[in-house]
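# Reading the structure
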Amino acid sequence: MSMPSNAVETLNRDWLPLRAALIDLAATLDRIDRAEGSVDEDARWAQIQQSLAVLSAPEANRAEQIQLIFSLPYEPNWRP
Amino acid sequence: MDFIDPHIHIASRTTDDLAVMAKMGCRAVAEPAFWMGYDRSGVNSFHDYFRQLTEWEPRRCANFGIDHYSWMGINAKEAEDVGFSREVIAELPSFLDRPTVLGIGEIGLHKCTRNEVATLELLIDLALSRGEMMVFHTPHLEDKYKGTRMILDLLRGDRRVDPARVCIDHCEEHTIRLALEEGYWAGVTLYPVTKANPRRLVDLVEMVGPDRLLANSSADWGPSDPLAVPEVVASMRRRGHPFSTIHQLVWDNPVAFLGQSAHFHAPI
Ligand SMILES: [Zn+2]
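For the structure given in this document, a descriptive report is provided here. (Residues numbered from 1 in each chain as written. Chains lettered and ligands numbered in written order. Predicted model: local features only at pLDDT ≥ 70, side-chain atom pairs only at ≥ 80, totals over all residues. Heavy atoms only, no water.)

## Remarks on the pattern of salt bridges
Just so we agree on the cut-off: One side-chain nitrogen of Lys or Arg within 4 Å of one carboxyl oxygen of Asp or Glu is enough to make a salt bridge. Between buried and exposed lies partly exposed: a residue is buried under 20% and exposed over 50% of the maximum accessible area for its type, with that area taken using a 1.4 Å probe on protein chains only. The way it works is that DSSP assigns letters per residue, a run of H or I at least four long becomes a helix, a run of E at least two long becomes a strand, and they are numbered from the N terminus.
The final tally for this structure, using the stated rule, is 20 salt bridges over all chains. R44 of chain A is the salt-bridge partner of D42 of chain A, the closest N and O atoms lying 2.8 Å from each other. For D42 of chain A, a relative accessible area of 26% puts it in the partly exposed group. Residue R44 of chain A is classed as exposed on the basis of its relative accessible area of 57%. Here E172 of chain B ties to R200 of chain B by a salt bridge, and the two come within 3.2 Å at their closest N and O atoms. Placement of E172 of chain B in the loop between β6 (166-169) and α6 (176-181) and of R200 of chain B in helix α7 (residues 198-208) is noted, with a sequence separation of 28 residues between them. Note on E172 of chain B: relative accessible area 5%, which makes it buried. Note on R200 of chain B: relative accessible area 23%, which makes it partly exposed.

Written as structure tokens, this is what we have:
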């Protein structure tokens, strides 16, 4: 099932919230850069960089891909 | 629009919340037993909590015309001590027979430890030996994907499981198909910052369809919104979804899932 939604209508509806979310994201990254010290070695920073790469990829399942970046791996043979 | 919130922790909410929920159209709620924000000191604390969920909260909700149901269980966060969990589990059968109890929940995993799994296996066995329905709490944040798959592995290994009588709750973009593809109901929780939100739930409805989806607030003692389900109604309207799809999500689906318990009576 999917709603027959039109891309332009969807962009019209989400334009201002999306613009605001991107500026907030940019300002948050700037805030971290401006602060003293470095997070280059922090695993979370690497997850954020991977997520940013997903945002500019053409696939339509970006949310799922980013969820998986922030997930611990599953071991199929987890039972003792 | 009338709605049912199939997962909310009324014990943690104020009377003002109940009043505004009723005004927004809430007709029934289901409250799973959970972690109250602190570890209980003994079995008696659980006993009293189960009494609260089966005696006091139904009365408090009835004052606002809201039917209150509950699920009995020991949550994953307090399940690490398997011996203690056994004592709590021994309390469950007498409460499961109470007239507003729907089954066993919310049970599941938190940090996915061996002890959590051991307690969970006891709870699943109790549920299946009695033919009870179940609601599963899937872990938070980075543990969710792994924990959801572990829960599904445990259930897949037991032939007594009827997926139509089980809800895998707190599903998000990376776990919802795992639950639906094996025939389970998928709960989606609208909880600020750490879980889904109304907009993303509508995206999921558009991607996987409304069948076997349950929208819930899981509103509790943390920052959360007891009006999250009506917020979904508004989001869906804004995006042009028909009344029938919205009504299915917030009414027909919970009635169909919860109604599999003989203790549930759909509000008329
Ligand atoms: Zn809950």
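## Description of the environment of V188 of chain B
Residues and elements named next belong to chain B. Heads up, the rule is: Here, two residues are considered to be in contact whenever any of their heavy atoms come within 4.5 Å of each other.
By the secondary structure assignment, V188 is in strand β7 (residues 185-189). Residue V188 is classed as buried on the basis of its relative accessible area, which comes to 0%. Residues V188 and L214 lie 26 residues apart in sequence; the distance between their C-alpha atoms is 6.1 Å. Setting aside its immediate chain neighbours within four residues, V188 contacts D169, C171, I176, A196, L201, L204, L214, A215 and N216.

## Let's talk about the sheet that holds strand β4 (residues 101-108) of chain B
Residues and elements named next belong to chain B. Definition in use: Note on pairing: DSSP must find at least two bridges between two strands before they are called paired. Orientation is described by lines fitted to C-alpha atoms, with helices fitted over the stretch in contact, and by angles between N-to-C directions that extend from 0 to 180 degrees.
Strand order in the open sheet made by the 8 strands is β1-β2-β3-β4-β5-β6-β7-β8, with parallel pairing throughout. Only two strands of the sheet have a single neighbouring strand rather than two, namely β1 (3-5) and β8 (213-216). Looking at each pair of strands side by side, their axes are set apart by 25° on average, direction ignored. Across 5 bridges, the pairing between strand β2 (residues 26-32) and strand β3 (residues 67-72) is parallel. Bridge assignment links A28 to a residue of β3, and that residue is D67.

## A word on the state of the cysteines
Residue and element names in this part refer to chain B. Selection criterion: Disulfides are defined as pairs of cysteine sulfur atoms found within 2.5 Å of each other.
For the structure on display, the rule yields 0 disulfides over all chains. Note on C26: no disulfide assigned, nearest cysteine sulfur contributed by C61 at a separation of 7.7 Å. With relative accessibility at 2%, the residue C26 sits in the buried group.

## Let's talk about the packing of helix α8 (residues 228-238) of chain B against helix α9 (residues 243-258) of chain B
All names here are of chain B. Stated precisely, the cut-off is as follows: Working rule for angles: under 35 degrees goes down as roughly parallel, over 145 as roughly antiparallel, 65 to 115 as roughly perpendicular, anything else as oblique. Note on convention: the crossing is left-handed when the near helix lies turned anticlockwise from the far helix by less than a right angle, right-handed when the turn is clockwise. Residues are grouped as follows: Ala, Val, Leu, Ile, Met, Phe, Trp, Tyr, Cys and Pro are nonpolar; Asp, Glu, Lys and Arg are charged; all remaining types, including Gly, are polar.
Two elements in contact, α8 and α9, have axes whose closest approach is 10 Å; the angle formed by their N-to-C orientations is 165°. Regarding the angle of α8 to α9, the classification is roughly antiparallel. Crossing handedness for the pair α8 and α9: right-handed. Two secondary-structure elements touch here, α8 through V229, V232, V233, M236 and R237 and α9 through T245, I246, L249 and V250. Partitioning the contact of α8 with α9 into residue classes produces 7 nonpolar, 1 polar and 1 charged.

Without other data, these values stay purely geometric and don't point to any function.
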